[in-house]
Every structure is written in structure tokens, then in C-alpha cells.
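# Fold and geometry: a report
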Amino acid sequence: MRTARRYLAREIYRSTSVVVIALIGLFTFFTLVDELDTVGEKFPLTALFYLQLLSLPTRLYDLLPIGLLIGAILALAGLAHRNELVIYRVSGVSGMGLLKMLWTICIPIIIGAMLLSEFLTPIAEIKSSETNLLMRGRAEGGIMATGYWFKEPTPNGGTRVINVGKLLASGNVSKLKLYEFPDGITLTNMSQADSGRFANGKLIMQNVTENLISPDIKKALADATVKDAPLATIRHLPERTVETTLSPDRLVARILTPERMSLLALKDYIAYLSNNQLQSDRQVVAIWRKFAYPFTLIVMLTIAAPISFMQTRRGGVGAKVFIGILLGTAFFMINQLALNVGLLYKWSPAVTALLPNTLAMTIALTSVLMMENRNAAAQRKIRFWPWGKSAI
């Protein structure tokens, strides 16, 4: 049995490797063609190739499920075409036994995918963001027209809103604006700085312009009275330091897609969002989707099993691969739809992440069981309905 499992694993690994490499090459080629218009004096072709190289781990992580599905269908369909699956069945391997073999074969792929997700992909994404910031002066995600916005509590119990106009590749920031509300409602200080850097839990701003607003300004404006003291004063400081919960890592987390972050980085960013009363639903769903990813790989192999077991007389392999591509594309679309619908209607993160996988697994297992019991059902029909013997 061990020899049979090794042979099956070798066939699936070989087919999956070929399919994944082909998919990555295809997607990389189309992305290169699409990005050629951005090549110029400040963004040379070598920088574009470097960015595409950095995107390979992410692309591999995204394409691995559908690549595993198509590769498994190719391998199993080839075995069925050469009647090798019949040898497995004659040797006493049932349909569910073969399915358990496939799940065991998937374990090394799951381990590799988790290592890719936790180590290589986050590093590549951070390097890609830094390169985009350096070469293009912008990052890909998380930015509004006015920059990046953060909110945090101040040591005296108030609220501070930080607007970062631009992130720099060094981890520093520029075009900073700080809005301070001591009571959480009334604005008393608005500071603008040309640049800033983070060090030991502090934000150090350079070339600062402070607008100090008197707490009496609201009353003075309401009464339309002129006060002896100025209601607002402006002062210029070469440097100002404030305590902050922000850090370069949390700034990078703001521009990264949650699924591209490691679990530790996600947990840290969720804690930061929760402590500042900010929404973290998207990040929580990302954690659940990371936990569901190994289940997704198992589901892909489970879907491949009944498709490969189908008996087709002509064009069998091509038809099965085509069905696999359709199912893989449909699964991806349903998975993305579940994410958007779940966030819109405030579904539980576990339901949002696991619902598509659970439905697909249920359908695939039902198909395998139906095909497994088909012959037994035919025999029972012959036994209990003898008039149908001649027809059967």
C-alpha cells in the first residue's frame, strides 16, 4: 500500500507542478504586458521585472488551489485511462480509501503552503511595497486621495487623528498632519510637519507648524464676541515628539492586503484596531481564511476525485480538465462572493471563510459516495427486482 501511495503521490506532484508553473508563467506574462506602459526613465524595465519576481510567492499562493485541482484531475484521469485505477480497486482500495490516500498526499503541500504564507509571501509583499514607494512614489493599496488615516488615544485620555500624506521606503513618513481632541470632541491642536520618523514608541516630526486653538473659540463664535486673547495661535517648531502606538510595521500593514500578512502581524494589527475602536472585521476574516486555506487544498483534491472517476470514452482527459477549470473558477468566484457578502451583512468570520469550502466538500463527498455505491445499488436492484435482470 505504501508503494501504491508513493506512486500516486509522484503522479499528482508532477502534474500539479507542471500546471502551477504554467499558470504562474501565463499570469506573469499578461501582467508584464499590462505594465509595460508604466516603464519609463524613473521606472526602468529591470524594476518591472524585479516587481514581478517579488510577486511570484503571492501568485503561487493564490494559484496553488486551482493548480492542485487541475493537476490532480490530470494525474487521476491518466491513471484511469491506463486502467491503473482498476488495479487499485482490484487490490482492495475502495473509493473512500483512495480519497484518504489523496488527503494524506496533500499534507506536504499544506505544510509548504503554510510556510509560504507565513514567511515568504509577507516578506515579498513588504519588499514589493517598498520598491513601489521608491520607484513610483506610491503603494498599491489602503490609500485615499488625502493619504493614510489613523486614530489613537492620547496619554491624557483624548483622541489623536494622524494623517500621513506619503509613506517612504525607509519606513519614515512625510506630509504629516495631527489633529488632537483632548476631550474626544473639541479640536485644540492641529500640527503639520514636512517629515517624521518612528523611534521607541514615539513619532518625531521635523519642521512643524502648530495651530493652537483656544477652548473658548466655540463660545466666542457662538456669542459673536471679540476676546482680548487670541483664539488661535500659530507657532513653528524645528521638531516635535509625541507618543504613539503607530510603528513602521503597522504602517505597512495598512497598505497590505490582509491575506498577505503573517498571522503574528495580523494579530498585532487587529489588536491595534480594536484598541482604537476601529473596524477589524476584514482582518479577522483574513485570519479565518488563512486557517481555512489547508481545508481548501483538501477540498480541491476531493473535487478532483469524482471527476477523475467518471468513465468517458472519447476525449476523456480533456473533458475532465475542462470541467476542473470550470469548477475551480466557480469556486474562486463563490469564495470571493462569500467574502464580500459576509462583510456586507456582518456574517460571522468563521461562516464567511468556511461556508464555500464546506459546501464544496459536501457536494464532492456526496458524489464520491454515490459513485462508490452505484454498483452495490445495481446489485440490490437485481436481487430484489428480478424482472429487471434482462434489462440490466
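One structure accompanies this document, and this report is about it. This one's a predicted model, so the numbers in the text were calculated from it and none came from an experiment. (Residues numbered from 1 in each chain as written. Predicted model: local features only at pLDDT ≥ 70, side-chain atom pairs only at ≥ 80, totals over all residues. Heavy atoms only, no water.)

## A word on the environment of R2
- Its location among the elements puts R2 in helix α1 (residues 2-35).
- Owing to a relative accessible area of 56%, R2 belongs among the exposed residues under this scheme. (Helix = DSSP H or I, 4+ residues; strand = E, 2+ residues; numbered from the N terminus. Buried < 20%, exposed > 50% of the residue type's maximum accessible area, 1.4 Å probe, protein only.)

## Quick notes on the pairing of strand β2 (residues 159-167)
- Alignment of strand β1 (residues 148-153) against β2, held across 6 bridges, turns out to be antiparallel. Along β2, the bridge assignment pairs P153 with T159.
- Two successive antiparallel strands, β1 and β2, enclose a turn made up of 5 residues, where G157 displays a positive phi of approximately 95°.
- Bridge analysis of β2 against strand β3 (residues 173-181) gives 8 bridges, and the strand direction is antiparallel. Looking across to β3, one finds that L167 is bridged to V173. (Pairing = 2+ DSSP bridges.)

## Structural notes on the sheet that holds strand β6 (residues 232-243)
- Taking strand neighbours across the sheet as the criterion, the 6 strands line up as β1-β2-β3-β4-β5-β6 in an open arrangement whose pairing is antiparallel. Where the open sheet ends on each side, the last strands, each with one partner, are β1 and β6. Direction aside, the axes of adjacent strands within the sheet are offset by 25° on average. (Axes fitted to C-alpha atoms, helices over the stretch in contact; angles between N-to-C directions.)

## Some details on the nonpolar core
- Core analysis: the biggest nonpolar cluster contains 47 residues, and L8, L98, L102, L297 and I303 have the highest contact counts within it.
- For this core, the secondary structure elements donating two or more residues are α1, α3 (56-81), α4 (84-90), α5 (95-135), α9 (281-309), α10 (316-344) and α11 (349-372).
- Looking at which element gives the most residues to this core, the answer is α3, with 11 residues.
- If near-sequence neighbours (up to four positions away) are discounted, L98 is found in contact with L8, L85, Y88, V93 and F309.
- Formed by 28 residues, the second largest nonpolar core is a distinct cluster that contains L133, F150, F198 and Y269. (Core = buried A, V, L, I, M, F, W, Y, C linked by side-chain atoms within 4.5 Å. Contact = heavy atoms within 4.5 Å.)

## Some thoughts on the pattern of salt bridges
- Across all of its chains, the model carries 13 salt bridges by this definition.
- We note a salt bridge from E210 to R235, for which the minimum N-O separation is 2.5 Å. Of the two residues, E210 is situated in strand β5 (residues 202-213) and R235 in strand β6; the sequence distance between them amounts to 25 residues.
- A relative accessible area of 2% means that E210 is categorised as buried.
- Owing to a relative accessible area of 41%, R235 belongs among the partly exposed residues under this scheme.
- Counted as one network, the salt bridges with shared partners bring together E11, R14, R82 and E84. (Salt bridge = Lys/Arg side-chain N within 4 Å of Asp/Glu carboxyl O.)

## Thoughts on the packing of aromatic side chains
- Counted according to the given criterion, the structure contains 4 aromatic pairs.
- When the ring of Y269 is compared with that of Y272, the centres are 6.1 Å apart and the planes differ by 15°; the resulting orientation is stacked. On the criterion of helical spacing, the pair formed by Y269 and Y272 is a turn pair, its members being 3 residues apart in helix α8 (residues 263-275).
- Given the relative accessible area of 5%, Y269 is considered buried. (Phe/Tyr/Trp six-rings, centres within 6.5 Å; stacked < 30°, edge-to-face > 60°.)

## Looking at the side chain of N189
- One can find N189 in strand β4 (residues 189-199).
- Residue classification places N189 among the buried positions, given a relative accessible area of 9%.
- A distance of 3.0 Å separates the side chain of N189 from the side chain of S191, its partner in a polar contact.
- Discounting chain neighbours no more than four positions away, the residues touching N189 are L178, Y179, E180, E210, N211, L212 and R240. (Polar contact = N/O pair within 3.5 Å; in protein donor to acceptor, adjacent residues only side chain to side chain.)

## Here we look at the side chain of S191
- By secondary structure assignment, the location of S191 is in strand β4.
- Polar contacts involving the side chain of S191 include one to the side chain of R240, which spans 2.8 Å.
- When near neighbours in sequence (up to four residues on either side) are disregarded, S191 contacts L176, K177, L178, V208, T209, E210 and R240.

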